[in-house]
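Per-entry structural report
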Amino acid sequence: MLAYWTGRSEGDLSALGSAGGRLATDALQVRVRRTAGIPADLAVYAMHQVHGSGVVIVEGGEGAGCLASAAPEADALVAPRGGSCLVVLTADCAPIALGSPEGVHGVVHAGWKGLLAGVVEKAVGAMRELGASEVFAALGPCVHACCYEFSSSDLDQAALRLGGSVRGTTTGGEPAMDLPAGVREALRASGARLAWEADACTACSPEWFSYRASGDVQRQALLVWNG
Ligand SMILES: [Zn+2]
């Protein structure tokens, strides 16, 4: 499994999730395909992300530009070996790449609501159903506790589901959600192994788009494919 995270310098890729079809594919080809080194014959799949736990199985398509006319409503994409490049768009939520020795691969868009809804566990489960014997994960840049102030009631809800490690503190000393800790716990619960984690907070690093810090409507992309 190969994974590539774009940042602010690669520009806005939000069109991938909303437009579908040729526009999205063209945008990806122009801005990212060459930079990331994605083979020209790989079809690219994005989704319309809704902060839920829906998983869509991508069966693979013929050649480039095989996005559906409308991206499916989901927060995880999983594909059997080869054939497709999967995309997640984020500004502060966690972009997770999933791989396996068998080549089954996946992407997950995980905010706190998706974590509570079990999107990570469902994606890992879908990979196992497709034949993955072992699932490993890489977590890209997302908002960290330093910048993610949370209400006590929401934090209690998250801690009840994901454990006390999600209780963090902002730089200013306010209660905060530790989103990476939540992802780690969800991966642990699903039996997946976290192989790599970006040490980057999207909200306090200028390299990334951030909705919370800057109100950015632009999105960065995680792209996952088999090399
Ligand atoms: Zn921060």
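First, a word on scope: everything that follows refers to the structure included in this document. (Residues numbered from 1 in each chain as written. Predicted model: local features only at pLDDT ≥ 70, side-chain atom pairs only at ≥ 80, totals over all residues.)

Overview of the overall build of the chain
A count of helices and strands for the chain gives seven helices and 12 strands. Within the span of the chain, comprising 227 residues, buried residues form 47% of the whole. Long-range pairs, those at least 24 residues apart, make up 68% of the contacts in the chain with a sequence separation of at least 6. (Helix = DSSP H or I, 4+ residues; strand = E, 2+ residues; numbered from the N terminus. Buried ≥ 20, exposed ≤ 12 C-beta atoms within 10 Å, placed from the backbone. Contact = placed C-beta atoms within 7 Å.)

Re the pairing of strand 12 (residues 220-225)
Where burial is concerned, most of strand 12 is hidden: six out of the six residues are buried. Because side chains alternate across strand 12, one face comprises the buried residues Gln 220, Leu 222 and Val 224, and the other comprises Ala 221, Leu 223 and Trp 225, equally buried. Pairing analysis gives four bridges linking strand 1 (residues 2-5) to strand 12, with the strands arranged antiparallel. If you follow Leu 2 over to strand 12, its bridge partner there is Trp 225. Examined bridge by bridge, strand 5 (residues 84-90) and strand 12 share five bridges and lie antiparallel to one another. (Pairing = 2+ DSSP bridges.)

Overview of the nonpolar core
Membership of the largest hydrophobic core comes to 69 residues, with the highest contact counts inside it found for Leu 77, Val 87, Ile 96, Leu 98, Val 107, Val 120 and Ala 123. Ignoring any residue separated from it by four or fewer positions in sequence, one finds Leu 77 in contact with Tyr 45, Met 47, Val 56, Val 58, Leu 86, Gly 106 and Val 107. (Core = buried A, V, L, I, M, F, W, Y, C linked by C-beta atoms within 7 Å.)

Looking at the sheet that holds strand 4 (residues 76-79)
Taken in spatial order, the six strands make up an open sheet running 3-4-7-6-8-11, and their pairing is mixed. With one partner strand each, in any of the chains shown, strand 3 (55-57) and strand 11 (193-197) form the two edges of the open sheet. When the angles between neighbouring strand axes are averaged without regard to direction, this sheet yields 20 degrees. With respect to the sheet, helix 4 (residues 119-129) is in contact with strand 3, strand 4, strand 6 (94-99) and strand 7 (105-110), its orientation differing from that of strand 7 by roughly 170 degrees. (Axes fitted to C-alpha atoms, helices over the stretch in contact; angles between N-to-C directions.)

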